[in-house]
Each structure stands twice: as C-alpha cells, then as structure tokens.
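Structural description and commentary
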Amino acid sequence: MAYQALYRAYRPQTFEDLVGQPHVRQTLTNALKSGQLAHAYLFCGPRGTGKTSTAKLLAKAVNCLDPIDGVEPCNACEACTSIQRGSNVDVQEIDAASNRGVDEIRDLRDHVHYLPTMAKKKVYIVDEVHMLTQEAFNALLKTLEEPPAHVLFVLATTEPHRLPATIISRCQRFDFRRIAPEAIVDRLRLVAQRQGIEAADSALWRLAEAADGGLRDALALFEQAAAFGNGRIDDATVADVVGSVDIGSLVALVGDLAGRSFLTVMERLGQWYASGKDASRIVHDLLQVVRDLFIVKLSRKPDALSGKPLNPYLPVASRDDVTVDWLLAAMRRLGELYTQLRYVEEPRLALEAVLMGLAAERRTLEPAQPVPEGDAHRGEGGRPAPLARTAVEAVEAPVVETPVSADAARSASDAPKPSARAAPARTSAHRKRETLARLYRDRDEALERKLRDGWQDVLASVKSQRVQTHAWLLHGEVALVTPHAVVLSFKSRIHREAVMKQADRAAIEAALAGVLGRQVQLFAILQADWEEFAASLAPALAEEAGSREEDEAQAPDVVQLAIDLFGSDKVTVEDEGDDR
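Just so you know, these numbers come straight off a predicted model, no measurement behind them.

**Some words on the sheet that holds strand β2 (residues 91-95)**
Remark on secondary structure: sheet strands pair via backbone hydrogen bonds, oriented parallel or antiparallel. Ordered in space as β2-β3-β4-β1-β5, the five strands form an open sheet in which the pairing is parallel. This sheet does not close on itself; its edge strands, each paired only once, are β2 and β5 (172-175). Within the sheet, the average angular offset between the axes of one strand and its neighbour, ignoring direction, is 15°. Of the strand pairs in this sheet, strand β1 (residues 40-44) and strand β4 (residues 151-157) are connected by five bridges, and their pairing is parallel. Residue pairing in the sheet places Leu42 in a bridge with Leu155 of β4. Contacting β1 and β5, helix α2 (residues 22-34) crosses the sheet at an angle of about 150° to β5.

Encoded structure:
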C-alpha cells in the first residue's frame, strides 16, 4: 500500500476521535440520535481544525448501514469504506476554488434531484465555499433553501465574512475553534506511540505552538521532524525544522541578559544568524520564552504553563536578578520590536539594540543594597519607586539643538560636574522639557487648526514624493504648531527616528510649508514624552483658570444689580465721557 501522509492517515474516523471541537461533536451526535438533521451545515474556522474531516464523518454517519449507538459510523460497511476511500458517487467533495463559476453550480443544481445510487443520502461537501462568485451564490440560493429530502449540503470555509448573508441564513452554522496546544500534544503523543517514534515532550510542545491551533499543521511538522531526526524528535530537531531557536538557548540568552553578559549575547545572535535564523522569528520565540518565564516566576505550580514542562525555565526563573518588573519591560520592548521589524532596513541591528538596552536596564532595576522582600520597588507612602533612566534611554531621548552664548558656555564649563552616570539622563531630560516649554510659549492655535484641517494634504504631498516616508508619517499626530516649528508625536521610537532622517525630514517640511504657507522646522517626539509634558502643564492651567473665575466672581455686574434693585425704568447708564 502506498505511503499516506500522517494527517491523512490519522484523520478522525468517529465523532469520539474528533479533537478539540466538543461543541460540534455534541450538537451533531444529538441531532443524529433524534433524527433531526438540518438540510445544510456551514463549518467555518481556521485551517486544520477539522472542518472537512467532520463533514466526511457526518456523511458516513447518515449513510452508515450499521451505526454504533445510532450515531457513530461503523467504518466496516460498504457505505463507510467507500466514503473513506472517496469512491462513493453519492458523496461528492467539491473544491469551490477551482469550481467557482455559475455553470458548475447550475450543473450541481440539475443533479440534486436524482435519487442516490448506493447510499441513503446524497451529500455535497463544498470546501472553500467563499471562493464562489456572486452569480454562483445566487444560483445556489433556491436549492440550498429547499433541497430534496435525500440531499445534505455541508459548506466549509475559513472566511465566513465573505459569504452572503442569504447563504449563511439558510445553513446551520458551526464555528470551529483553534485546538488547544495540550490537545495537540496529546494527539502527537498517540501518533508517536503508534508510529514508534521517540519524541521529547518539550519538542512536542514546540510543534503544537508552531501549529497555531491547527492539528493538520502539527502533524505535518511532526512528520517532517521525524524524517529529519531519523525517528527521534528533540528540541534541536524541531528548531531546525520550524526555523526557530531551541528553548534551552533562548532561556540561556535571557540569563545572559539578566547577568549583563553583553559579549555572550552578541555571540549567540551571531551564531543564530550564521545558521540562517530570521530576526523576526528570533524575536517571536524570545517573546514566547519571556512570557513563559514571567508565568513561572509568578507560579511554580506544575500546571502553570497548562502542562508544558517547567524544567527548562526553572534555573533562570529562580534567579534573584530576573525580576517580574524586568520581565514585563522585556515583553513590552520585544512586543514593540516585533510589530516594527518589517519597517526596519537592518532587523539585526534593531534586535541587538533592544537586547543591549535590556541588559543595560538591569543596572537600574535592582537596588544597590539588600532590601526586605516586598519593599524593593516601594517608595515613600508605599507607592512604587520610580526607576532611574538608563544611559540607553537617555541617548534615545529627542535631542534639540538650542543656541548657547559664549559666556554661558564658559559658565557651564566652570560649574561643578555632576556624577558621570546621572548627567546624560538629567541633561537630556532638562533640555527636552526646556525646548517643549519654549515652543509651547510660542504656540499658534490658528496655525495649528489650519494644519489639522490640512493634514490629509500633507500626507498626500509626502506620498507623492516618498512613499516610505508617508508610511512613517501615518503614525504621527500634530502636537503643537508655532510660527516657525511643527511638533509631531509618535507612539513608536522607530517611527520618530525614521521621520527625522535628512531626506524624510526634508520631504515632510516641504509638505508642511505647502499647507501652512511658510517655512517651518520639524520636531518629532514620543507621544509618552508629550503627554508627560502636557500633564505637567495641567496644574498651572487649572490654577490660571480658577483665578480668572475667582476674579470674575469678585467683580459683579453693578449695572445689573442696580436694574434688579430699582427696575430698568429707573436706571440710566452713562459712559464716563458722556457730557450729560
């Protein structure tokens, strides 16, 4: 017998064997027991979750000559075996991607009226039904609404939103869920046992995670890993097959970051790149490992990772220098990097910069002296103590050149020098606040409204010159406008730095000049910095508004008081310069 792929050989043959879809199994088996089957079913959900397998199961169940308990197909009678082989003429599986026209649907409509040849019911399984044309859907409507009693339709799709509402309303809909990793691992263990393949649990979990909820993908990867490892599957084998890095190396990398082993981190990245690993894949896998470490750090229960082995994570998770705060910061930075890598010309440099920043940040997260447990990150009044800015963050802060006089420069050189570590962060933060304050004093609200109204024109102008710059600029928002400058805020540091490159900045400034009618200088800042600056202005603005209201309240309208007291016919209002 010819070899069959594992996902075909281990396709579920009974409803009891259906993995990860208990709601579908229960509903269909109850309908079969009661004899209340619908005339049309719609199976929708991600790939590899069992839609077509369930459709074939249903076709066997309704045509089985000797069903078990009136529900499960026996898989022994002529009807079951012929459907399983694909040779039953009364059960047709139609690929809508290649038979999507109105002529194919008309042909189907003409044949549904004929009685089945060898089965109890004619079953039409239409896979990828969303690929049908609008005309084909229209031709199918009437037949789908009132088919003959001997016909059963099963439509399957991964994109139900593309189906007309008139089709969906004529079917009984089932939404197939992504299969849980633990269910996939259990299935892979069973396959490994039956196939005589030696597989490590940690390797099976990596396969289940890579499959993203699809059992077919998991079995295909399992088969490939078994062939690569010659019947033995371990972490290294899976890493080579899926193009990722093995768990042990990733956990060791996190340990190196926590221990500030900069050279070791760079060497690991170099080895991974030399072996063909992709930056986005490294970030994805590292983010997954940091997430798992975070959970293990919070809970050491055996089921903390839903059955996933904890042993690879425990050595690093138990270290004192791997804190919950640092793991959260690592997840945040890696998450931001993962979403922005497609915009970066040199992904390797971006990854190295983020990892070096995480390693450097460890110097500020741990206290210099031992602190009682629970108080390490608490300040006065029990509030969390603010973390000191690192040198890396100070360098990343926006730098704005401000003119300095010669006398001021000499005075600054004669002034006592602060500590070397704190000076860069303090100077950068002070310069940033000072520049924003100066620009805010010159704020022109009329120009700002004009720019906001014409922002789409700015985007269109930039797009006509530089498409890539337009992509960066889409993520910016107008913060403030002065007669000579425009300040834009960006959520991502990558976008902010990109628009400040010389060519990109020139294109944006030209577009701004076209809308505002004057030459302006572009400034780009992080949205978090702008919100912090705006929050610092709130108390002063509130105090100013309060004093203004108080002054108004203390100065009542004397004329109105007189009118209220004496009546309007008794009061005459005269200006001071009036001669009367």
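There is more to say, and it comes next.
**Details of the pattern of salt bridges**
Counted by the stated rule, this structure contains 29 salt bridges. Notably, a salt bridge pairs Asp175 with Arg173, separated by 3.1 Å at the nearest N-O pair. Since its relative accessible area comes to 41%, Asp175 is described here as partly exposed. Take Arg173: its relative accessible area is 38%, and that puts it in the partly exposed class.

**Focus: the packing of helix α12 (residues 247-258) against helix α13 (residues 262-274)**
Orientation of α12 relative to α13, taken along the N-to-C sense of each, is 150°, at an axis distance of 9 Å. With respect to α13, the axis of α12 lies roughly antiparallel. The two elements α12 and α13 cross, and the hand of that crossing is left-handed. Between α12 and α13, the residues in contact are Ser249, Leu250, Ala252, Leu253, Asp256 and Leu257 and Thr264, Val265, Arg268 and Trp272, respectively. Among the residues forming the contact of α12 with α13, the class breakdown is six nonpolar, two polar and two charged.

**Comments concerning the environment of Cys44**
Structurally, Cys44 is set in strand β1. Judged by its relative accessible area of 1%, Cys44 is buried. Considered as a pair, Cys44 and Thr157 are 113 residues apart in the sequence and their alpha carbons are 4.9 Å apart.

**Re the sheet that holds strand β9 (residues 485-490)**
Read from one edge of the open sheet, three strands run β8-β9-β10, paired in mixed fashion. Two strands lie at the open edges of the sheet, namely β8 (476-481) and β10 (521-526), each paired on one side alone. Taking each pair of neighbouring strands and ignoring which way they run, the sheet shows an average axis angle of 30°. Across the sheet, helix α25 (residues 502-516) lies against β8, β9 and β10, angled at about 115° from β10, the strand it touches most.

**Side note on the side chain of Thr133**
Structurally, the position occupied by Thr133 is in the loop between β3 (122-127) and α6 (134-145). Classification of Thr133 by relative accessible area gives buried; the value is 19%. In this structure Thr133 touches Arg100, Gly101 and Val102, once residues within four positions along its chain are discounted.

**Re the confidence of the model for the protein chain**
For the protein chain, the average pLDDT comes to 82, and 81% of its residues sit at 70 or higher. For residues 363-426, every residue scores under 50 in pLDDT, and the model assigns this stretch 54 contacts once sequence neighbours within four places are set aside.

Each value, and the rule that gives it
- Residues numbered from 1 in each chain as written.
- Predicted model: local features only at pLDDT ≥ 70, side-chain atom pairs only at ≥ 80, totals over all residues.
- Heavy atoms only, no water.
- Pairing = 2+ DSSP bridges.
- Helix = DSSP H or I, 4+ residues; strand = E, 2+ residues; numbered from the N terminus.
- Axes fitted to C-alpha atoms, helices over the stretch in contact; angles between N-to-C directions.
- Contact = heavy atoms within 4.5 Å.
- Salt bridge = Lys/Arg side-chain N within 4 Å of Asp/Glu carboxyl O.
- Buried < 20%, exposed > 50% of the residue type's maximum accessible area, 1.4 Å probe, protein only.
- Parallel < 35°, antiparallel > 145°, perpendicular 65-115°, else oblique.
- Left-handed = near helix turned anticlockwise from the far one by under 90°.
- Nonpolar A, V, L, I, M, F, W, Y, C, P; charged D, E, K, R; others polar.
- pLDDT = per-residue confidence, 0-100.

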